[in-house]
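Chains, contacts and geometry: an overview
Next come the chains, spelled out residue by residue.
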Amino acid sequence: MAYYLIAGASGYVGSRLAERLLTAGHRVRGLVRNPDTPTVERLAARGMSVWTGDLTRPDTLVGVAESVSAVYNLTSCLVIKNGSLRHTFVDGNQHLIAACSRARSVRAYLFTSNVAAYGNPGATLVGEDHPIAPTHALGTVMVAAEQTIMQAAREHRFPAIILRCGSIYGPGRDPIDAVAQGVATIYGDGRNFVSHIHVDDLINMLVALPSEGQPGAIYNVGDDQPMRLIELLSEVRQRLGMVPPRTFSPASALAAGLDPAIIGMLTASVRLDNRRLKHDLHLTLRYPSLRTWLDERLPTETAISVGV
Ligand SMILES: NC(=O)c1ccc[n+]([C@@H]2O[C@H](COP(=O)([O-])OP(=O)(O)OC[C@H]3O[C@@H](n4cnc5c(N)ncnc54)[C@H](OP(=O)(O)O)[C@@H]3O)[C@@H](O)[C@H]2O)c1
């Protein structure tokens, strides 16, 4: 039985990971900002010990990693302004790493970064050694966060692993629902590649990485077949019996008040090469392509009957 710390245990990925580890009989400490939510209460009832804290406030992290062997930093930030991104991702990792270093029990530290560090490399298959070229605020901050973590790994042999995750989907975060609800919008021509990963596959990776990942490594986390955005949304719409998607200019998104960093994320083309992770974890994906998920959720026979 191992002891895990999950920062962001109330989140989409964090709560599922906590559930999985508890089911396997492990001890889990969940760091959350607000313990009074149905998700946290449910996990606490299942045996998770709740630590109320905030990664941007080091005074709330004293002792948080005590006796813990593996740490997951799965925190996220949706606020782009007022330095929030930097506070969460750069300062937050710094504070959590300091708490882990003091504990002396931590053998693995995993941070879920994203693909913004790569910028907009187009149709090239992007491995982890591809040049870093952020094109918007989120990318710049993620590069700084990753550098902070890698510096600790290099200078202090801190056992960190960085995961550059593609777009995470699954039950409750489903491109099919987004299309059906009219919130899947294409800015630009839609020919940009988007890398996806199903949450079940991601959880399998997170469980395996503390023992099978290489300390100090960066891993791309995506499925085997990144799709062009327009290809994906056209296919979903076809299966739902809808007309093909419209496209909108990024300028119209700017005019509508969307933050340039969000537009940058929505229009970037990043086609992740996942071979390093699959090699190190000897992994077969349950959802090697988003089409596997579409086939499960919207089999073609259903799609035809919906369209009739
Ligand atoms: N979703 C994606 O498509 C995607 C893509 C690439 C990478 N990622 C990364 O994958 C990880 C998991 O994503 P997710 O979708 O599960 O995120 P999520 O559902 O938004 O959950 C994020 C969690 O972080 C917590 N949090 C935020 N700021 C915090 C702080 N200062 N101190 C402590 N906790 C804090 C939130 O707590 P509250 O409940 O208090 O707000 C929430 O539980 C994140 O690191 C994210 O950046 C996600």
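Structural data are supplied above this passage.
The following refers to the structure shown. (Residues numbered from 1 in each chain as written. Predicted model: local features only at pLDDT ≥ 70, side-chain atom pairs only at ≥ 80, totals over all residues.)

**Side note on the pairing of strand β4 (residues 70–73)**
- Alternating positions in β4 separate into two faces, Ala70 and Tyr72 on one and Val71 and Asn73 on the other, with burial throughout.
- Sheet topology places strand β1 (residues 3–7) next to β4; four bridges connect them, and they run parallel. Across the sheet, the residue bridging to isoleucine 6 is tyrosine 72, located in β4.
- Strand direction decides the pairing type here: β4 and strand β5 (residues 108–114), joined by four bridges, are parallel. Bridging across to β5, tyrosine 72 finds its partner in leucine 110.
- Handedness of the β4-helix α3 (residues 84–103)-β5 crossover: right-handed. (Buried ≥ 20, exposed ≤ 12 C-beta atoms within 10 Å, placed from the backbone. Helix = DSSP H or I, 4+ residues; strand = E, 2+ residues; numbered from the N terminus. Pairing = 2+ DSSP bridges. Right-handed = clockwise from strand over helix to strand, strands pointing away.)

**Quick look at the packing of α3 against helix α4 (residues 137–156)**
- Between α3 and α4, the least distance of the axes is 8 Å, while the angle of their chain directions is 15°. What the angle tells us is that α3 and α4 run roughly parallel. In the crossing of α3 with α4, the sense of the turn from one axis to the other is right-handed. Facing Leu85, Arg86, Phe89, Val90, Asn93, Gln94, Ile97 and Ser101 of α3, the residues of α4 in contact are Ala137, Leu138, Val141, Met142, Ala144, Ala145, Thr148, Ile149, Ala152 and His156.
- Split by residue class, the contact of α3 with α4 holds twelve nonpolar, five polar and one charged. (Axes fitted to C-alpha atoms, helices over the stretch in contact; angles between N-to-C directions. Parallel < 35°, antiparallel > 145°, perpendicular 65-115°, else oblique. Left-handed = near helix turned anticlockwise from the far one by under 90°. Contact = placed C-beta atoms within 7 Å. Nonpolar A, V, L, I, M, F, W, Y, C, P; charged D, E, K, R; others polar.)

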